[in-house]
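# Fold and geometry: a report
Here is how the chains run, residue by residue.
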Amino acid sequence: MDIRPILSTLRRHKTAAALIVLEVALTCAIVCNALFLVSQRVEKISMPSGLAENELVMVRVSGIGKQTNGLARTREDLASLRAIPGVTSATIINQLPFRGGSSSSSIQRQQDQERPTTEASMYTMSEDGIRTMGINVIAGRDFLPDEYMDYATVSKAGSKDTAIPVIFSQATAAKMEPDGSALGKTYYMGKQPLHVIGIVDTLTTPTGWADNWNESMLMPLRRGFDEGGTYMLRTAPERRDEVLKAAVAALERNDANRLMRDKKTYEDQRKDYFKNDRAMVGLLVTVCIALLVVTALGIIGLASFWVQQRSKQIGIRRALGATRGQILRYFQTENFLLATLGIVLGMLAAYAINLALMNMYELPRMPLLYLPLGAVLLWVLGQVAVFGPARRAAAVPPAVATRGA
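Now for a look at the structure at hand. Nothing here was measured: the structure is a model prediction, and the numbers come from that model.

### Examining the overall build of the protein chain
For the protein chain, the helix and strand inventory stands at 12 helices and 13 strands. Its C-alpha atoms give the protein chain a radius of gyration of 32 Å, more than 25% over the compact-globule value 22 Å for 405 residues. Along the longest, intermediate and shortest principal axes, the C-alpha atoms of the protein chain span 100 × 50 × 35 Å. The buried share of the protein chain, reckoned over its 405 residues, is 45%. Summed over its atoms, the accessible surface of the protein chain is roughly 19900 Å², and 57% of this surface lies on carbon and sulfur atoms. With 46 positive and 36 negative side-chain charges, the protein chain shows a separation of 15 Å between the mean positions of the two kinds.

Structure, rendered in structure tokens:
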């Protein structure tokens with residue numbers, strides 16, 4: 001189709017055409033960045049923890065006043081929790097993936113090394129911790145019963161002459177030994193030697209979503225409930241609510257003078273942690289839909305106005321032999337040209353907005369894939385929006401050309 005008549009017509013309607021171009025450009029710029037941000041949030045929400053999430057319930061308790069023997073009460077609590085029908089295993093752990101906050105330590109290849117090799121989140125747990133959490137050991141072994149130690153004893157007296165057995169996540173092991181295996185080697189946490197006895201597939205840090213989101217390690221150190229520990233119980237997914245109620249009751253029987261906190265399934269914990277991200281996804285999707293609807297209405301309104309203004313011109317063309325298909329393609333081509341100009345400007349604006357977000361909020365660079373994705377979306381939107389007015393234009397009869405002005 002010859003586009004010269006279309007360009008000639010658009011030059012006579014510069015203001016209306018410019019408004020559509022700017023509207024498409026603004027929508028393209030915002031939608032491209034919004035889709036990128038949505039994909040980032042969805043990726044974050046979908047991040048694996050490395051735990052058997054749908055089989056875990058958690059209860060955290062805190063004592064009122066000073067506890068005389070928190071470790072003894074913790075052992076009593078664990079015995080009661082393991083006796084609950086439906087509980088396959090139980091442990092107490094210092095922190096959890098997607099819980100916020102992080103207890104981490106610098107790991108070095110050699111003692112007294114000036115700069116640490118990596119900063120790994122430190123998980124400490126009591127007996128049966130690996131099995132309870134459902135963590136997948138891909139190399140080496142689990143902790144042995146005689147390898148567990150009391151955290152308070154180790155932290156006070158220290159064991160600088162004896163290496164503490166640790167299990168690295170795969171990411172930590174790769175960071176420590178990019179060209180080899182960390183299994184069986186000894187590293188240092190300050191002056192404390194750590195002997196790697198196993199490697200797990202995935203174990204996300206408590207905060208997640210960072211360059212080192214999977215750099216973590218497990219240590220066989222028992223903490224009391226009064227030292228920030230959280231009781232974790234593993235059970236069948238369908239029995240979680242039942243087990244959670246029984247666990248709370250058992251802990252209250254052991255000591256009613258304690259505050260019950262975080263009584264929930266681990267899946268609920270994860271949902272609570274990501275609720276702001278889900279809200280942001282919903283907001284961004286709503287903004288995208290609203291912008292696309294407004295842009296579509298703008299295209300429909302302008303096309304309808306032009307059809308009304310050009311009725312006599314369309315009738316003359318029909319009288320001279322133009323088919324309905326040619327009239328339809330005329331308006332679709334016209335919209336395609338306006339949308340293309342708007343998309344080109346929108347891509348430049350989208351790139352500029354992404355650079356600004358990178359500088360202000362340390363967001364990653366937007367992949368170029370999102371630019372053609374936004375372009376295709378707006379091209380399709382424009383063609384769908386203009387189709388109705390274009391059909392009405394194609395239906396204008398040749399007799400219109402004979403009517404008086």
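### Describing the packing of helix 1 (residues 4-12) against helix 11 (residues 324-361)
To characterise two packed helices, one gives the angle between the axes of the helices and the distance between these axes. Remark: helix 1 packs on helix 11, axes separated minimally by 10 Å, with the N-to-C direction vectors making an angle of 65°. Remark: the crossing between helix 1 and helix 11 carries right-handed chirality. Between helix 1 and helix 11, the contacting residues are P5, I6, L7, T9 and L10 on the first element and Y330, T333, E334, L337 and L338 on the second. Here the residues of the contact of helix 1 with helix 11 are counted per class, giving 7 nonpolar, 2 polar and 1 charged.

### Quick word on the packing of helix 11 against helix 12 (residues 370-394)
Here helix 11 crosses helix 12 at 150°, and the two axes come no closer than 8 Å. For the element pair helix 11 / helix 12, the angle class is roughly antiparallel. As helix 11 runs across helix 12, the sense of the crossing is right-handed. Among the residues forming the contact of helix 11 with helix 12, the class breakdown is 18 nonpolar, 5 polar and 2 charged.

### A closer look at the pairing of strand 8 (residues 186-189)
In this sheet, strand 9 (residues 192-200) lies alongside strand 8 in antiparallel orientation, the contact comprising 4 bridges. Each bridged residue has a counterpart across the sheet, and for Y187 the counterpart in strand 9 is L194. Hairpin connection, strand 8 to strand 9: the antiparallel pair is bridged by 2 residues, and G190 has positive phi, about 70°.

### Re helix 1
Regarding helix 1, the residues found buried are I6, T9 and L10. All buried residues of helix 1 fall inside an arc of 100° around its axis, so they share one side. Residues of helix 1 that are exposed and point over 90 degrees away from its buried face: R4, R11 and R12. Its buried side turned inward, helix 1 meets helix 2 (14-45), helix 9 (275-309) and helix 11.

### Details of the pattern of salt bridges
Evaluated as defined, the whole model comprises 19 salt bridges. With a shortest N-O distance of 2.7 Å, E55 and R234 are connected by a salt bridge. With E55 in the loop between helix 2 and strand 1 (56-63) and R234 in strand 12 (residues 230-235), this pair connects stretches of sequence that are 179 residues apart. Taking the relative accessible area as the measure of exposure, E55 reaches 23% and is therefore partly exposed. On the basis of relative accessible area, R234 is assigned to the buried category, the value being 18%.

### A closer look at the sheet that holds strand 2 (residues 87-93)
One open sheet holds the 4 strands; their spatial order is 2-12-1-13, and the pairing between them is antiparallel. Both edges of this open sheet fall to strand 2 and strand 13 (258-265), since each of them pairs with a single strand only. Pairs of neighbouring strands in the sheet enclose a mean axial angle of 20°, with direction left out of account. Relative to strand 12, strand 1 runs antiparallel, the two sharing 4 bridges. Within the sheet, the bridge partner assigned to V59 lies in strand 12 and is Y231. Strand contacts of helix 3 (residues 70-82): strand 2, strand 12 and strand 13, with the helix running at about 160° to strand 2, the strand carrying the most contacts. On top of the sheet, helix 8 (residues 266-273) reaches strand 1, strand 12 and strand 13; it is set at about 85° to strand 13, its chief contact.

### Some thoughts on the environment of V400
Along the chain, the position of V400 falls in the segment after helix 12. Separated by 84 residues in the primary sequence, V400 and I316 have C-alpha atoms spaced 7.5 Å apart. Other than its neighbours up to four places away in sequence, V400 contacts S311, K312 and G315.

### Considering the packing of aromatic side chains
Tallied over the full model, the rule gives 8 aromatic pairs. Where F98 meets Y273, the ring centres are 6.0 Å apart and the plane angle is 35°; that geometry is what we call tilted. Of this pair, F98 sits in the loop between strand 2 and strand 3 (104-107) while Y273 sits in helix 8, and the two are 175 residues apart along the sequence. Note on F98: relative accessible area 0%, which makes it buried. According to the relative accessible area criterion, Y273 is partly exposed, its value standing at 24%. Where F336 meets W379, the ring centres are 5.5 Å apart and the plane angle is 15°; that geometry is what we call stacked. Of this pair, F336 sits in helix 11 while W379 is found in helix 12, placing the two residues 43 residues apart along the sequence. We classify W379 as partly exposed; its relative accessible area is 28%.

Definitions and limits used
- Residues numbered from 1 in each chain as written.
- Predicted model: local features only at pLDDT ≥ 70, side-chain atom pairs only at ≥ 80, totals over all residues.
- Heavy atoms only, no water.
- Helix = DSSP H or I, 4+ residues; strand = E, 2+ residues; numbered from the N terminus.
- Rg over C-alpha atoms; globule rule 2.2 N^0.38 Å.
- Buried < 20%, exposed > 50% of the residue type's maximum accessible area, 1.4 Å probe, protein only.
- Areas by Shrake-Rupley, 256 points an atom, 1.4 Å probe, with all protein chains shown as cover.
- Lys, Arg positive; Asp, Glu negative; His and termini not counted.
- Charge placed at Lys NZ, Arg CZ, Asp CG, Glu CD.
- Axes fitted to C-alpha atoms, helices over the stretch in contact; angles between N-to-C directions.
- Left-handed = near helix turned anticlockwise from the far one by under 90°.
- Contact = heavy atoms within 4.5 Å.
- Nonpolar A, V, L, I, M, F, W, Y, C, P; charged D, E, K, R; others polar.
- Parallel < 35°, antiparallel > 145°, perpendicular 65-115°, else oblique.
- Pairing = 2+ DSSP bridges.
- Arc of directions from axis to C-beta.
- Salt bridge = Lys/Arg side-chain N within 4 Å of Asp/Glu carboxyl O.
- Phe/Tyr/Trp six-rings, centres within 6.5 Å; stacked < 30°, edge-to-face > 60°.

Remember, this is a structural readout, not a statement about activity or role.
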